[in-house]
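Take a look at the letters that make up each chain.
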Amino acid sequence: MSVTSAPSQPAFRAAHAPWIAGAALLALYAAFMGDLYGLRLLTQAGVYALLVIGYQFVFGHAGAFSLAQGAFFGLGAYVTGILGTKFGWGFLATFPLSVLLPAAFALLIAAPVLRLETHYFALATLGLAQVALIGAVNWESLTGGANGLVGVPRVTLFGARLVTGWPLLLFVWSLVAVGGLLAWRLTRGMKGLAYHTLRERPLAAASVGLDGGMLRATAFVLSAAYGGAAGALHATTLGVLSPEVFDFSIMVACLTMAVVGGRGRIAGAILGAVLLVHLPEWLRGLEQYYLIAYGAALLLVVILAPDGLAGIVDRFWRRGRGRSETLPFIPASTRGAHVGGAALHVENLAKSFGGVAALDGVNLRVAPGEIVGLIGPNGSGKSTLANLITGLYRPDRGRIRLDTTPIETLRPHEIARLGVRRTFQTAELIAGASLIDNIAVAYAATANPSLPHARSRALTVLAEAGLTSRAWEEAAAQPAGVRRLAEVARATVRGPRLLVLDEPSAGLTEDERTTLVRLLRNLASKGAAVLVIDHNVPFLSGLARRLVCLEAGRVIAEGTPGAVLADEAVRRAYLGTAEKKP
Amino acid sequence: MNRILRTATIAIALLAAAPLAASAENVRMPVLVPITGILALEGTSQRNGAVMALDEKPGGVEAGYDVTDTAASPETAVNALERALAQPNVVAVAASIFGPQMLAMMPIAAERKVPLVTISGTAKITEMGNAYVFRFFPTDAVVKVAQARYVVEELKKTRVALVYQTTAYGQSGQAHLMDNFKRLGAQIVFEEGLAPAVKDMAPVLAKLKAANPDVIVLQLHSGPTALFVKQAAASAANLPIVAGSAMHQPSTAALLEPAELKGVCAESGSSPISGGSPAMEKFTAAYRAKFNAEPDAFAVAQYDGTRMVLDAIGKGARSASKVRDALATGSYEGLAMTYKSDGTGNMAHDAVIVCYNGSSRVPTIVKRYAAR
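Conventions adopted
- Residues numbered from 1 in each chain as written.
- Chains lettered and ligands numbered in written order.
- Predicted model: local features only at pLDDT ≥ 70, side-chain atom pairs only at ≥ 80, totals over all residues.
- Heavy atoms only, no water.
- Helix = DSSP H or I, 4+ residues; strand = E, 2+ residues; numbered from the N terminus.
- Rg over C-alpha atoms; globule rule 2.2 N^0.38 Å.
- Buried < 20%, exposed > 50% of the residue type's maximum accessible area, 1.4 Å probe, protein only.
- Contact = heavy atoms within 4.5 Å.
- Lys, Arg positive; Asp, Glu negative; His and termini not counted.
- Charge placed at Lys NZ, Arg CZ, Asp CG, Glu CD.
- Core = buried A, V, L, I, M, F, W, Y, C linked by side-chain atoms within 4.5 Å.
- Domains from an automatic or database assignment.
- Pairing = 2+ DSSP bridges.
- Axes fitted to C-alpha atoms, helices over the stretch in contact; angles between N-to-C directions.
- Phe/Tyr/Trp six-rings, centres within 6.5 Å; stacked < 30°, edge-to-face > 60°.
- Lys NZ or Arg CZ within 6 Å of the ring centre and 35° of its normal.
- Buried area = accessible area lost by both parts, 1.4 Å probe.
- Salt bridge = Lys/Arg side-chain N within 4 Å of Asp/Glu carboxyl O.
- Polar contact = N/O pair within 3.5 Å; in protein donor to acceptor, adjacent residues only side chain to side chain.
- Nonpolar A, V, L, I, M, F, W, Y, C, P; charged D, E, K, R; others polar.
- Patch = residues over 30% accessible without salt bridge, like charges linked within 9 Å, V, L, I, M, F, W, Y side chains within 5 Å.
- Areas by Shrake-Rupley, 256 points an atom, 1.4 Å probe, with all protein chains shown as cover.
- Disulfide = S-S within 2.5 Å.

Attention now goes to the overall build of chain B. Looking only at helices and strands, one finds twelve helices and 14 strands in chain B. A compact globule built from 372 residues would reach a C-alpha radius of gyration of about 21 Å, and chain B, at 23 Å, matches this within 12%. The principal-axis extent of the C-alpha atoms belonging to chain B is close to 95 × 40 × 40 Å. Residue burial in chain B is summarised as follows: out of 372 residues, 57% are buried. Sequence separation of at least 24 residues holds for 67% of the intrachain contacts in chain B that already meet a minimum separation of 6. Counting 35 positive and 31 negative side-chain charges, chain B places the centres of these two groups 3 Å from one another.

Now the structure itself:
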């Protein structure tokens, strides 16, 4: 077995060392400093840690600004509270229901709510929390109204009631450990990369076949389950329950913990919860002025540590610790690769925006193994055509087929899963990720994706593009040409059946352009159909065997590059006159 | 050398013993009240009452204290209580006026055997068999009887429009008022719960007038009470208003013009600014000087409760259990009334009705209802 070496990837154990040390410190603090008051605070911090770990799914990973986490927390608390006080159920019986009911509720509302754009989504989820609060206050016969419920049963394990102090602390933090481990497994590797892509570049996510809706819904449901679990623990550790659990302040605390601790990080959730539970207590002696000090402290953290405290720890720890990682060599024909090319058939395609016809009766065919260049002046409909083929737009009329499969009604990720890949006018690279991971994410929508496998394949393509030395560098820090080539590499790494490139040569140096031509020809030689949109006519003439020219949403010329460039209509479209040579 | 060693040993022994001696003497009564959040106004009065009593050191009796804000959540109150109880020699705690916070703190107080001295109006806190709760403000079972009796027996009104807050305070009072009006033969012709955030009272006033009541009975917090009274005056409802204890608070009356207060009455445990005794007038003057604010019944009740604890300490109760016993079995002549436990921790059994005459923000006590 050959191996491939990539520079500057931090090793797993080294990366996690500060967190293991942090956990040990926390345990030491509890062991040596914790009186009953200290143990209660740590127990409470554990409850909030679980809440925030869950919130990281939807807010940190999926990037959806949900304000419903407080409502799920309250719902879980009331399930345990009501079943415990009114029906005498023990915690071990109520806990699973406290987890499942909020999750089921989230599943029910996910479809309509997650369709909304960011701020509307936030408002809708805030509305849910308010409805829950009103319900808790006014449904007195069930919830006890504003007075709430008293005597929520404590946890009983093997016949022993877990009292406040060490027993309850260990129980809560055991659940935090289980929850944290589960969250880590659900968001590490390719899954984490998929969520990162969805959050930072939703278009790029769809273009590699990731179902953003499903990912967001999964995150929403998971966050609700964790919220419910935290709520159940809150009810049982406190022993009483009142509508304050639905109060917006819980949601604000959760959000603050996630941001201060570090968005998307499990360690950040725990750090944020421990800090923000303790901070008001440390400042409580200031009486009514403690809120000013509390707010100032939070403001300071947010300004000085935009990635949260966990981000600071990571940054300091990783500084100068990069080292090479050995990746297994994966032959090109192994899993994840699309097999063979496919013909693109576009028939009588039309699309209007308001009263403006962007495309009007366009016909186009790209055969397997063929490279077709699409030219036309600005506003002629080239990018609209690319967006229609890849599902970002729905046509008003006409058909698009991949071989015999109609794709005009499919969603972007469904089309991508058929082997259609694309690049964008502005390179859609994922900020906060390395170049290698920007390419590896192309495998995120495959069955049982493996990050080492994907990285290995990504490294091979990076080598073909001459970018090996930059593999672990931050994508956002790369020059325009490198970014462009990296996006092409992502689109080609799995050997697409149809590749649609939107202005791939823009910003490339001559050498980079040569590399691009080599990559695309190599791809076509393996059977892929390639449609290249570009303004650089000499580049396209050298690359494509056939050119198609669009003007005002219609095909005005089609044929060999020489024939198209000599066409009077094309020259008129580009230059405004047929007398001069283009 | 031996002399130096002996001196050093004695010095170390004295230093080591000093905290023990001090801890045996310096008892503590932490003050855990909401000075921010929804009950900030009432909680501040409660704080001031407790602090005033503790700072006075009556008869030289001293108890150390810290004031901790319990804000608006039971969780915060529990943390505050645990923190307070982590200190040595806590003999009693001045505990939150906010019912849900009391309900959360009570099991801990019982477990640690430390009495809670509160003015919370939530009925449930003295209905749970907890021997460590002592309430120095008359419960709804007292003041709501007075409020309903004043409406029916004194004002001779029988068609009641009841507007209450959808909070623990509001819902508890509403339940008692409903029972008492029913018992007294009055009819509830209109009833509506308002969230504390509601600012526009016009819709509820319009609906209320359509029900044709002859009296409006309020069970709202301070701010909503002022808003309701102001908008009722502006709408020329021309109906007498008998409000809950929030209306007796000078801070509530300060939000209104004297003319807007004409015909408005309120129940309360006391009304310090209305005078009534030289001791009460002395307290009011001292309170104004110390806090630059007007005292209300909550301040007086917490003051009286704290003074009863200090009185017990002065009589030799140097531990939490002895203070609890003194509160449970003794009686105390306070500023507002004589306090004595009914066996469940309810110490206050008298109520007053105060009314505004339309020319001043200082109400007059028009009726006293003593325990029957």
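Next comes the rest of the account.
Quick look at the nonpolar core now. Residues A:Phe220 and A:Val532 are the most contacted members of the largest nonpolar core, which totals 145 residues. Counting contributing residues per domain, this core is built from domain 1 (8-318) and domain 2 (344-575) of chain A, each supplying no fewer than three. Once residues within four sequence positions are removed from consideration, A:Val532 is found in contact with A:Ile371, A:Val372, A:Gly373, A:Leu374, A:Leu501, A:Pro504, A:Leu520, A:Phe539, A:Leu540 and A:Leu543. Counting 48 residues, the second largest nonpolar core, distinct from the first, contains B:Val33, B:Phe137, B:Ala301 and B:Ile313.

Residue and element names in this part refer to chain B. Ordered in space as β2-β1-β3-β4-β5, the five strands form an open sheet in which the pairing is parallel. Two strands lie at the open edges of the sheet, namely β2 (67-69) and β5 (133-135), each paired on one side alone. Sheet twist, expressed as the average angle between the axes of neighbouring strands with direction ignored, equals 25°. Pairing of strand β3 (residues 93-95) with strand β4 (residues 116-118), which is carried by three bridges, proceeds in the parallel orientation. When the bridges of β4 are listed, Ala94 appears paired with Val117. Taken strand by strand, helix α2 (residues 40-56) contacts β1 (31-33), β2, β3 and β4, and its axis lies near 170° from that of β1. Sheet strands in contact with helix α11 (residues 297-314) are β3 and β4, and its direction is about 150° off that of β4.

Turning to the packing of aromatic side chains, a few remarks are in order. What the rule picks out here adds up to 15 aromatic pairs over all chains. Their ring planes at 40° and their centres at 5.0 Å tell us that B:Phe137 and B:Phe298 sit as a pair that is tilted. Taken together, the positions of B:Phe137 in the loop between β5 and α5 (140-154) and B:Phe298 in helix α11 put the pair 161 residues apart, joining distant regions of the chain. With a centroid separation of 5.7 Å and 45° between ring planes, the pair formed by B:Phe283 and B:Tyr287 is classed as tilted. Here B:Phe283 and its partner B:Tyr287 are both found in helix α10 (residues 278-291), four residues apart, which amounts to about one turn of the helix. We classify B:Phe283 as buried; its relative accessible area is 4%. Given the relative accessible area of 1%, B:Tyr287 is considered buried. Grouped by ring-pair contacts, the aromatic residues B:Phe283, B:Tyr287, B:Phe291 and B:Tyr303 constitute a single cluster. If you follow A:Arg188 out to its NZ or CZ, it ends over the ring of A:Trp184, 4.8 Å from the centre. The positively charged end of A:Arg263 is found above the aromatic ring belonging to A:Phe59, 4.3 Å away from the centroid.

At the interface, 28 residues of chain A touch 31 residues of chain B. For the chain A and chain B pair, buried surface summed over both sides reaches about 2600 Å², with 55% attributable to carbon and sulfur atoms. Between chain A and chain B we count one salt bridge in total. Here A:Arg40 ties to B:Glu82 by a salt bridge, and the two come within 3.1 Å at their closest N and O atoms. On the surface where chain A and chain B come into contact, there are eight residue pairs in polar contact (both at pLDDT 80 or more). Residue assignment for the side of chain A that touches chain B shows that the elements contributing at least two residues are α2 (36-61), α5 (118-138), α10 (212-238) and α13 (290-304) of chain A. Sorting elements by how many residues they give to the side of chain A that touches chain B places α2(A) first, with six residues. Grouping the amino acids of the side of chain A that touches chain B by side-chain chemistry returns eleven nonpolar, ten polar and seven charged.

Attention now moves to a nonpolar patch on the surface. On the surface, A:Leu25, A:Leu28, A:Phe32 and A:Met33 cluster together to form a nonpolar patch covering roughly 500 Å² of accessible area. The class for A:Phe32 is exposed, based on a relative accessible area of 67%.

Residues and elements named next belong to chain B. Applying the stated criterion to the full structure yields one disulfide over all chains. The residue that forms a disulfide with Cys265 is Cys355, at a sulfur-sulfur distance of 2.0 Å. Because the sign of the S-S torsion sets the handedness, a value of about 105° for the bond joining Cys265 and Cys355 places this disulfide among the right-handed ones. Residue Cys265 is located in strand β10 (residues 264-268), and its partner Cys355 is located in strand β13 (residues 351-355); the two are separated by 90 residues in the primary sequence. Judged on exposure class, the residue Cys265 and its partner Cys355 are both buried.

What follows deals with the pattern of salt bridges. Residue and element names in this part refer to chain B. Considering all chains together, one arrives at 29 salt bridges over all chains under this definition. A salt bridge links Lys144 to Glu267; the shortest N-O distance between them is 2.8 Å. Of this pair, Lys144 sits in helix α5 while Glu267 sits in strand β10, and the two are 123 residues apart along the sequence. Take Glu267: its relative accessible area is 1%, and that puts it in the buried class.

Turning to the domain arrangement of chain A, a few remarks are in order. Residue and element names in this part refer to chain A. Taken domain by domain, chain A consists of domain 1 (8-318) and domain 2 (344-575). Between the C-alpha centres of domain 1 and domain 2 there is a distance of 42 Å. Residue-level contacts link 18 residues of domain 1 with 31 residues of domain 2. Together domain 1 and domain 2 conceal approximately 2000 Å² of surface at their shared face, both sides included; 68% is due to carbon and sulfur atoms. Contact with domain 2 buries area across many residues of domain 1, yet Met190, Arg201 and Val208 alone supply 31% of it, more than any other trio. With a closest N to O distance of 3.6 Å, Glu428 and Arg201 form a salt bridge. If you look at where domain 1 meets domain 2, you find four residue pairs in polar contact (both at pLDDT 80 or more).

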